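One-letter residues, chain by chain:
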Amino acid sequence: MGKNPTTLIRDAIVLSMDAEIGDLPRGQVLVEGKRIAAVGRDLGPVVADRVIDANGGIVIPGFVDTHRHMWEAILRGYAARDTLEGYFERILFGIGPELTPQDLAVSEALSARAALDAGITTVQDTSDINETPARTDAIVAALQESGLRAVFAYGLSRPYVSRHGSGFPDDVRRVRAQLLPDDDALVTMALETQNGDDAAERRNAALARELDVLTAHHVRSSIRPSRLRELGALRPRTTFVHGNGLDADELAVIADSGGSLSIAPVVEQAMGLGNPMITQALAVPGLPVCLSVDVEVTSPTDMFSQMRSLYLAARSASTTSGPTVRDILRFATLDGARALGLDGRVGSITPGKEADLLLLRTDRADAFPVTDPYGAVVLQMDRSHVDTVLVAGTAHKLDGRPTRDDSALIDTARGTIRRLTRAGVLDGFAA
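Chains are numbered independently. Their residues run from 1 in the order of the written sequence. Local features are withheld for residues below a pLDDT of 70 in this predicted model, meaning they are given only at 70 or higher, and side-chain atom pairs are given and counted only at 80 or more; totals for whole chains, interfaces and linings count all residues. Excluded from the side-chain calculations are hydrogens and water; all other atoms, namely the structure's heavy atoms, are used.

- In the annotation of an unreviewed UniProt entry, the protein chain is listed under the name Amidohydrolase family protein and assigned to Streptantibioticus silvisoli.

**As for helix 12 (residues 325-332)**
Phase 1 of the analysis: Most of helix 12 is tucked away, with six of its eight residues classed as buried.
Phase 2 of the analysis: For every residue, the accessible area obtained with a 1.4 Å probe (protein chains only) is divided by the maximum for its type, and the residue is called buried under 20%, exposed over 50%, and partly exposed between those limits. Each helix corresponds to a stretch of at least 4 residues labelled H or I by DSSP, and each strand to a stretch of at least 2 residues labelled E; elements are numbered beginning at the N terminus. Residues of helix 12 that are buried: Val-325, Asp-327, Ile-328, Leu-329, Phe-331 and Ala-332.

**Some points on the nonpolar core**
Phase 1 of the analysis: Core analysis: the biggest nonpolar cluster contains 107 residues, and Phe-63, Ile-91, Met-307 and Val-377 have the highest contact counts within it.
Phase 2 of the analysis: Top element by residues in this core is helix 2 (residues 101-117). It accounts for seven residues.
Phase 3 of the analysis: Within this scheme, the nonpolar core is defined by two criteria: the residues are buried Ala, Val, Leu, Ile, Met, Phe, Trp, Tyr or Cys, and they are joined through side-chain atoms within 4.5 Å. Core analysis: the second largest hydrophobic core is formed by 17 residues, Ala-12, Val-14, Leu-24 and Val-39 among them.

**Regarding the packing of aromatic side chains**
Phase 1 of the analysis: Paired rings are identified among Phe, Tyr and Trp, the last through its six-membered ring, by centres lying within 6.5 Å, and are further divided according to the angle between planes into stacked (under 30 degrees), edge-to-face (over 60) and tilted (the rest). A full pass over the atoms with the stated rule returns four aromatic pairs.
Phase 2 of the analysis: Pairing Phe-63 with Phe-304 gives two aromatic rings, centres 5.3 Å apart and planes at 85°, and the pair type is edge-to-face. Taken as a pair, Phe-63 in strand 6 (residues 63-68) and Phe-304 in helix 11 (residues 303-317) lie far apart in primary sequence, 241 residues in all. Like Phe-304, Phe-63 is buried.
Phase 3 of the analysis: Members of the aromatic cluster, each reached through a chain of ring pairs, are Phe-152, Tyr-154 and Phe-168.

**Description of the packing of helix 12 against helix 14 (residues 373-380)**
Phase 1 of the analysis: Angles here are taken between N-to-C directions and fall from 0 to 180 degrees, while the axes themselves are lines fitted to C-alpha atoms, restricted in helices to the stretch in contact. Orientation of helix 12 relative to helix 14, taken along the N-to-C sense of each, is 65°, at an axis distance of 8 Å. As summarised for this structure, helix 12 and helix 14 are arranged roughly perpendicular, according to the angle between their axes. Classified by chirality, the crossing of helix 14 by helix 12 is left-handed. Between helix 12 and helix 14, the contacting residues are Val-325, Arg-326, Ile-328 and Leu-329 on the first element and Tyr-374, Gly-375, Val-377, Val-378 and Leu-379 on the second.
Phase 2 of the analysis: Lys, Arg, Asp and Glu make up the charged group, whereas Ala, Val, Leu, Ile, Met, Phe, Trp, Tyr, Cys and Pro make up the nonpolar group; the residues left over, Gly among them, are polar. Looking at the contact of helix 12 with helix 14, its residues break down into seven nonpolar, one polar and one charged. Angle categories: roughly parallel below 35 degrees, roughly antiparallel above 145, roughly perpendicular from 65 to 115, and oblique for all the rest. In this scheme, a crossing is called left-handed if the near helix is turned counterclockwise away from the far one by less than a right angle; it is called right-handed if the turn is clockwise. By definition in these notes, contact holds between two residues if any of their heavy atoms fall within 4.5 Å.

**What about empty space enclosed by the protein?**
Phase 1 of the analysis: The rule is simple: put a 1 Å grid over the protein atoms alone, call a set of points where a 1.4 Å probe fits but cannot get out a cavity, call an open set with protein on both sides within 12 Å along at least five of seven lines a pocket, and count a residue as lining if it has an atom within 4 Å of a point. Grid points are joined across faces, edges and corners, and a volume is the space filled by probe spheres set on the points. For the structure shown, the criterion picks out two cavities of 30 Å³ or more.
Phase 2 of the analysis: Of the pockets and cavities examined, the largest cavity occupies roughly 130 Å³.
Phase 3 of the analysis: Forming the walls of the largest cavity are 17 residues, and the residues nearest its centre are His-69, Leu-84, Tyr-87, His-218 and Arg-220.
Phase 4 of the analysis: The dominant element in the lining of the largest cavity, judged by the number of residues it contributes, is helix 1 (residues 84-95), at four residues.
Phase 5 of the analysis: Here the lining of the largest cavity is built from residues that sort into eight nonpolar, four polar and five charged.

**Points about the side chain of Thr-416**
Phase 1 of the analysis: Positionally, Thr-416 belongs in helix 15 (residues 407-422).
Phase 2 of the analysis: Assessed through its relative accessible area of 6%, Thr-416 is described here as buried.
Phase 3 of the analysis: Once residues lying within four places of it in the same chain are set aside, the contact partners of Thr-416 are Ile-74 and Asp-103.

**As for the pattern of salt bridges**
Phase 1 of the analysis: The salt bridge definition used is simple: a Lys or Arg side-chain nitrogen within 4 Å of an Asp or Glu carboxyl oxygen. Scanning the entire structure with this criterion turns up 30 salt bridges.
Phase 2 of the analysis: Note that Arg-419 and Asp-103 form a salt bridge whose closest N and O atoms lie 2.4 Å from each other. On the criterion of sequence distance, the pair formed by Arg-419 in helix 15 and Asp-103 in helix 2 is long-range, its members being 316 residues apart.
Phase 3 of the analysis: Given the relative accessible area of 37%, Arg-419 is considered partly exposed.
Phase 4 of the analysis: A relative accessible area of 4% places Asp-103 in the buried class.
Phase 5 of the analysis: Three or more residues joined by partner-sharing salt bridges are found here, namely Asp-65, Arg-68, Arg-76 and Glu-296.

Below you can see the structure in the form of structure tokens.
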């Protein structure tokens, strides 16, 4: 067997998100194969296959997006002014049914490339578009080809739920057994449960238990965490999405179950869901908060926008309490990994964990000087500062450029948009 390739990042500010390692004003990170081999101020003489001189740049764990409907990337910006009701009507019930399995594969690839380019190394794909095996197979294959670390949260399309209810079909067993059986793979499985009647909620919880997968659950007024608990359908470590309007007792139910709250601050404010629940969530002991992009038809695709939006929402509620910039970065990295059950593998720069890392350049006039690296990441930076992105040690961006050519994917996506426009599915500038 050959030697594992090595990468050394040197002369970096290291924000490890590891309690024992802490922050290093000048440090080095050594990667061997897919894992972090060492982190320290000076690792001594190291001979590496690739040496990256950070020149005072900031190394952080890869961002973790805990809730994104990746199939919508082909429609980016299309629902910029929609309310939640308009989004349901135009996107979920209108355009979604018109997309072919190939369209969905293209969209998943676009979403994955955008995530990686922005330093998001893990995404929970809350895939509420599945209604046939062909669709599911195309989506999973696209995720596996992308190189992104992904949790495929199998969900049902809204038209399917309208016709058949929200109970999962037996095909989820095939997906688990044949497509996503390995919990140590880059792409793993979860279930994205939707609000349904009592029988559907119990069935879905039983399936999650049988398949031994985690769940994601969009909070709606009809089914709240306490109701799931009453039904015996509250799964441990569920990622509850949004939660706008939940009171302290409901948030405590999530915390007591080992669950987390995924906040999508841009979408929640843009679509009128309400102010992000950050102040309320932080008041509940033991309730982890994580961040998400949600829908690309409305939201930007990077984590910098989400971090900044959440921080400003919290500050507008109270300038004397609320999360620090360090808290915000933890929500976007380690706490996101914890929510998805991946914190043993990623989420911090810890020797032995898989090397999901990104280097942010600070040797630019818009980022220098770095007086507070957490403030720099959360408040000063954007995707243009992302220089290097590694997922399990594999480089997806180096020297500020993607390592893959996107031209063929863009051409395919352009053809998809033209076909949908000519068919009358899309209108306006999409032509």
